[in-house]
Amino acid sequence: FAIVVEGEEDAIALKALLPVLSEKIGKAIKNNALIIEPIGGAGNLSYKLSLLKNYLCVSHVLLDDDDAGRNAFQKAEKDGLISLANCTFTKCQGMSEAEFEDCIDLSIYKDAVLAEMGVNLDSAKFRGGSKWSQRLKATFEHQGKPLFNSIETKVKYIVADSISKNPKNSLDPFKKNSIDYLVSAIERMLSNEK
């Protein structure tokens, strides 16, 4: 069994978070019956799913609910590699687009971002309905910092590391529904083990 995620940071975060949310999933991860497989960006979804299918791996996919995630899903669906039943999007109420980091409680990682990047995320620029990476960019720029792709990746690793240190309190209680449903879907997938 495999959980397919967009980035390495998502894999790190979910390896810490999922065992806290489900004993069944935790056992499957510990016993190597379930792996969390990053694809290095939504555009690589079809390729990774075709590889996993060749290995006879049953997969569930977690994608950001943004253009890249939706387009990757549609391509993989057209290729016959995915269905809506084996995919979960990170949807957050009141947001037209959302990323995995939108589901995470800011209090878990804001101090680490301030310490390592010198950016205060307790800022009006970081609030609002835009997806996490857009709010992050606006906040960095407002505080006189660039947000190159490499820096955004470092911030994602800070978030993942913060989740690893405190998985029990990591989810934003108002934005965690899609993660709760991901857990249910993975448990159902594991229950179909022959």
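The preceding data block contains the structure.
Residues numbered from 1 in each chain as written. Predicted model: local features only at pLDDT ≥ 70, side-chain atom pairs only at ≥ 80, totals over all residues. Heavy atoms only, no water.

Draft legend 1. Structural detail: helix H8 (residues 177-191). Along its 15 residues, H8 runs 21 Å from first to last C-alpha, staying within 8% of the 21 Å computed at 1.5 Å per residue. When H8 is considered as a whole, its buried residues turn out to be Ser178, Ile179, Leu182, Val183, Ala185, Ile186, Met189 and Leu190. Down the axis of H8, the sector holding all buried residues measures 165 degrees, keeping them to one side. The outward face of H8, more than 90 degrees from its buried face, is lined by the exposed residues Tyr181 and Arg188. Tucked into the core, H8 has its buried residues touching strand E1 (2-5), helix H1 (8-21), helix H2 (23-30), strand E3 (59-64) and strand E4 (87-90). (Helix = DSSP H or I, 4+ residues; strand = E, 2+ residues; numbered from the N terminus. Expected span 1.5 Å × (residues − 1). Buried < 20%, exposed > 50% of the residue type's maximum accessible area, 1.4 Å probe, protein only. Arc of directions from axis to C-beta. Contact = heavy atoms within 4.5 Å.)

Draft legend 2. Local environment of the pattern of salt bridges. Summed over all chains, the structure comprises 13 salt bridges. Between Glu141 and Lys137 there is a salt bridge, and its shortest N-O distance comes to 2.6 Å. Of this pair, Glu141 and Lys137 both sit in helix H6 (residues 132-142), separated by four residues, roughly a single helical turn. For Glu141, a relative accessible area of 45% corresponds to the partly exposed category. For Lys176, the salt bridge identified is with Asp180, shortest N-O distance 3.0 Å. The exposure class of Asp180 is partly exposed, given its relative accessible area of 27%. (Salt bridge = Lys/Arg side-chain N within 4 Å of Asp/Glu carboxyl O.)

Draft legend 3. Geometry of the side chain of Ser59. Inspection of the secondary structure assignment puts Ser59 in strand E3. Judged by its relative accessible area of 10%, Ser59 falls in the buried class. Those residues in contact with Ser59, other than ones at most four positions away along the chain, are Ala2, Val4, Leu49, Leu52, Asn86 and Met189.

Draft legend 4. Representation of the environment of Ile36. In this fold, Ile36 is placed in strand E2 (residues 35-38). For the pair Ile36 and Ala16, spaced 20 residues apart in sequence, the C-alpha to C-alpha distance is 11 Å. Residue contacts for Ile36: discarding those within four places in its chain leaves Ile3, Val5, Ala11, Leu14, Lys15, Leu18 and Ile29.

Distances and angles like these do not, on their own, reveal function.
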